[in-house]
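So the chains spell out like this:
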2 protein chains.
Amino acid sequence: MSERRGYRSKAPTPALERLATYFAALSDLKRSHPETISSADIEERTGINAAQFRKDLSYFGEFGRPGIGYITDELQSRIARILNIEKIQPVLLVGTGNLGSALMGYPALRVGNFQIVAAFDNNRQKIGRRLWNLTVQDIADLTNANNDLHAKIAIITVPAASAQDVAEQLIQAGIRTILNFAPTALRLPPDVMVRNVDFMQELAVLSFHLPDNENH
Amino acid sequence: MSERRGYRSKAPTPALERLATYFAALSDLKRSHPETISSADIEERTGINAAQFRKDLSYFGEFGRPGIGYITDELQSRIARILNIEKIQPVLLVGTGNLGSALMGYPALRVGNFQIVAAFDNNRQKIGRRLWNLTVQDIADLTNANNDLHAKIAIITVPAASAQDVAEQLIQAGIRTILNFAPTALRLPPDVMVRNVDFMQELAVLSFHLPDNENH
């Protein structure tokens, strides 16, 4: 049951997204299934069908034992290793407005595998204030701060007009992957990955699909 | 320049997402471009190239005038009509924890085309409390409340374990489209559309792609 490197890098992004879902589900299911677990158990919990689950795992190696299913702990730690979340991943956050501070307080981002370890702002009213166990730092100190923290992941929760500038500062400070909540497309070097969350855009897509939309 | 109905319904979802981006960009660009605007202006603002912009519009009809470009107001209102955001769309929110109340305070969800008009919770400590100009209501009053509000869109910001139940209550209350922040797959009737925002999953995908991930 070795990890096949070349094979793994071809995993499509939706399979990775589902892997994250399986990992989260296993954290819950460990209580009721401390020894072994089946693909049917995963399906019941996540809504993702068992055949899809088995196919997703197959991108990453061989899992499971005939007649047994999966050893719960082993399944969870192998997925953690694949997703690179065995060790706690420190995360920086920039922009401590409503959304940024809500994320800072989100339980999974305080005690889980991803932890927001520092928060930055350019607003004098925010800098130096205590928010969720962290003291908001001046964005100007970003590179110095990350020299100690070695975070590679950052969350951007600043207004659209500031996001590009903030992204560039983060990259200079050593960040290589960005979760962007600002409603703008970031222009980044090819070795930096970004995932965008634009819920206003999601609402617009939903609105288009409303049944009484006569323009549809 | 008529809207072609059959043609429009074939627009791929990424084109709809970009339409929402163009609409948001036009709200800003109206100040500097009160009369006409070009696809190059849109490209500069959004990062989406001009040829893609023109192609996206082509799903929905004919736009633009040779030698002129686009009439700014007209372009914006036609996009609003397509996305069904000409009138204010009332939105319900369920789950007034950190994330839910951050969304309630998000400026675009207070004064834009989508407005959170009511917020619900099952937590006695929250019900009756004033949050961002709204009084948090008991989820048990959902159907009654929506009989007056006629909202078709709802946002779910409750824990994963409660989300399915909340979704079913929302559908009974007349909701037809859901923006789901709970990290779980909702099982919904085929005529109800859901868009999922799972930022923990986004972080896991980013983590997988970190350059020092030796499992990659």
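Everything numeric here is computed off the predicted structure, so don't read it as measured data.

1. Description of the overall build of chain A
Here comes step 1: The helix and strand inventory of chain A stands at 10 helices and 10 strands.
Here comes step 2: When burial is assessed residue by residue, chain A has 51% of its 216 residues classed as buried.
Here comes step 3: For chain A, long-range pairs separated by at least 24 residues make up 56% of all intrachain contacts whose partners lie at least 6 apart in sequence.
Here comes step 4: Surface exposure of chain A reaches about 9,900 Å², of which carbon and sulfur atoms provide 47%.
Here comes step 5: Within chain A, one finds 23 positive and 23 negative side-chain charges whose respective centroids are separated by 6 Å.

2. Observations concerning the relation of the copies chain B and chain A
Here comes step 1: Once turned by 180° and shifted 0.0 Å along the axis, chain B lies on chain A with an RMSD of 0.0 Å. Between the two chains, the operation in question is that of a two-fold axis. Within chain B, Ala102(B) has its C-alpha nearest the rotation axis, a separation of 3.0 Å.
Here comes step 2: Looking at the interface residues of chain B, 98% of them are also at the interface in chain A, so both copies use one shared face.

3. A short note on the packing of aromatic side chains
Here comes step 1: A full pass over the atoms with the stated rule returns 12 aromatic pairs over all chains.
Here comes step 2: Ring geometry for Phe199(A) and Phe181(B): centres 5.9 Å apart, planes at 70°, overall edge-to-face. With one member in each of two chains, Phe199(A) in helix α10 (residues 199-208) and Phe181(B) in the loop between β9 (177-180) and β10 (193-196) form a pair that bridges those chains.
Here comes step 3: The class for Phe199(A) is buried, based on a relative accessible area of 2%.
Here comes step 4: On the accessibility criterion, Phe181(B) (4% relative accessible area) is buried.
Here comes step 5: Put simply, the rings of Tyr22(A), Phe53(A) and Tyr70(A) pair up and form one aromatic cluster.
Here comes step 6: Taking NZ or CZ as reference, Arg78(A) lies 3.7 Å from the ring centre of Phe63(A), over its face.

4. Focus: the interface of chain B and chain A
Here comes step 1: The interface is formed by 59 residues belonging to chain B together with 60 residues belonging to chain A.
Here comes step 2: In total, about 5,800 Å² of surface goes out of reach between chain B and chain A, with carbon and sulfur atoms giving 68% of it.
Here comes step 3: Across the contact surface, chain B and chain A share two salt bridges.
Here comes step 4: Two residues, Glu202(A) and Arg195(B), come together in a salt bridge whose shortest N-O distance is 2.6 Å.
Here comes step 5: Where chain B touches chain A, the interface holds 10 residue pairs in polar contact (both at pLDDT 80 or more).
Here comes step 6: Of all elements in the fold, only α1 (5-8), α2 (13-29), α5 (72-82), α6 (98-105), α7 (108-111), β9, β10 and α10 (199-208) of chain B reach the threshold of two or more residues within the side of chain B that touches chain A.
Here comes step 7: When residues of the side of chain B that touches chain A are assigned to their parent elements, the largest contribution, 10 residues, is made by α10(B).
Here comes step 8: Of the residues in the side of chain B that touches chain A, the class split is 32 nonpolar, 16 polar and 11 charged.

5. Re the pairing of strand β8 (residues 153-156) of chain B
Residues and elements named next belong to chain B.
Here comes step 1: Burial of β8 is two-sided: the residues Ile-153 and Ile-155 facing one way and the residues Ala-154 and Ile-156 facing the other way are all buried.
Here comes step 2: Strand direction decides the pairing type here: strand β3 (residues 89-94) and β8, joined by four bridges, are parallel. Each residue of the ladder has a partner; that of Leu-93, found in β8, is Ile-155.
Here comes step 3: Of the strand pairs in this sheet, β8 and β9 are connected by four bridges, and their pairing is parallel. Opposite Ile-155, over in β9, you have Leu-179 as the bridge partner.
Here comes step 4: Note on the crossover from β8 through helix α9 (residues 160-172) to β9: the handedness is right-handed.

6. Here's the deal with the confidence of the model for chain A
All names here are of chain A.
Here comes step 1: In this model, chain A carries a mean pLDDT of 90, and residues with pLDDT of at least 70 account for 94%.
Here comes step 2: Confidence drops under a pLDDT of 50 for residues 1-8, and excluding neighbours within four residues, the segment shows 28 contacts in the predicted structure.
Here comes step 3: With a pTM of 0.82, the predicted complex shows an ipTM of 0.84.

7. So, the environment of Ile48(B)
All names here are of chain B.
Here comes step 1: Among the secondary structure elements, Ile-48 is positioned in the loop between α3 (39-46) and α4 (50-58).
Here comes step 2: Along the chain, Ile-48 and Lys-10 lie 38 residues apart, while their C-alpha atoms are 21 Å from each other.
Here comes step 3: Contacts of Ile-48, omitting those with residues within four sequence positions, involve Arg-18, Thr-21, Tyr-22 and Glu-43.

8. Points about the sheet that holds strand β4 (residues 114-121) of chain B
Residue and element names in this part refer to chain B.
Here comes step 1: The six strands are arranged β7-β4-β3-β8-β9-β10 in an open sheet whose pairing can be described as parallel. Taken across any chain shown, the strands that pair with only one partner, and hence form the sheet edges, are β7 (137-138) and β10.
Here comes step 2: Here two bridges tie β4 to β7, and the two strands are oriented parallel to one another. Paired with Asp-121 across the bridge in β7 is Asp-138.

9. Overview of the nonpolar core
Here comes step 1: Judged by nonpolar contacts, the single largest core of 102 residues is most densely connected at Leu109(A), Ile155(A), Phe199(A), Leu109(B) and Phe199(B).
Here comes step 2: Every residue in contact with Ile155(A), bar those within four places of it in the chain, is listed here: Val91(A), Leu92(A), Leu93(A), Val94(A), Leu103(A), Leu109(A), Ile116(A), Leu179(A), Phe181(A) and Leu203(B).

10. As for unusual backbone geometry
Residues and elements named next belong to chain A.
Here comes step 1: We note that Trp-132 has phi near 50°; this positive angle belongs to a residue other than glycine.
Here comes step 2: If you trace the backbone, Trp-132 turns up in the loop between β5 (130-131) and β6 (134-135).
Here comes step 3: One non-glycine residue, Asn-133, lies in the positive phi region at around 70°.
Here comes step 4: Looking at the secondary structure, you find Asn-133 in the loop between β5 and β6.

11. Considerations on the sheet that holds strand β10 (residues 193-196) of chain A
Here comes step 1: Taken together, the six strands give an open sheet; going across it, the order is β7-β4-β3-β8-β9-β10 (chain A), and neighbouring strands pair in parallel fashion. The open sheet has two free edges, formed respectively by β7 (137-138) and β10 of chain A, since each of these has just one partner strand.

Rules of the game
Residues numbered from 1 in each chain as written. Chains lettered and ligands numbered in written order. Predicted model: local features only at pLDDT ≥ 70, side-chain atom pairs only at ≥ 80, totals over all residues. Heavy atoms only, no water. Helix = DSSP H or I, 4+ residues; strand = E, 2+ residues; numbered from the N terminus. Buried < 20%, exposed > 50% of the residue type's maximum accessible area, 1.4 Å probe, protein only. Contact = heavy atoms within 4.5 Å. Areas by Shrake-Rupley, 256 points an atom, 1.4 Å probe, with all protein chains shown as cover. Lys, Arg positive; Asp, Glu negative; His and termini not counted. Charge placed at Lys NZ, Arg CZ, Asp CG, Glu CD. Least-squares fit on C-alpha atoms with pLDDT ≥ 70 in both. Phe/Tyr/Trp six-rings, centres within 6.5 Å; stacked < 30°, edge-to-face > 60°. Lys NZ or Arg CZ within 6 Å of the ring centre and 35° of its normal. Buried area = accessible area lost by both parts, 1.4 Å probe. Salt bridge = Lys/Arg side-chain N within 4 Å of Asp/Glu carboxyl O. Polar contact = N/O pair within 3.5 Å; in protein donor to acceptor, adjacent residues only side chain to side chain. Nonpolar A, V, L, I, M, F, W, Y, C, P; charged D, E, K, R; others polar. Pairing = 2+ DSSP bridges. Right-handed = clockwise from strand over helix to strand, strands pointing away. pLDDT = per-residue confidence, 0-100. Core = buried A, V, L, I, M, F, W, Y, C linked by side-chain atoms within 4.5 Å.

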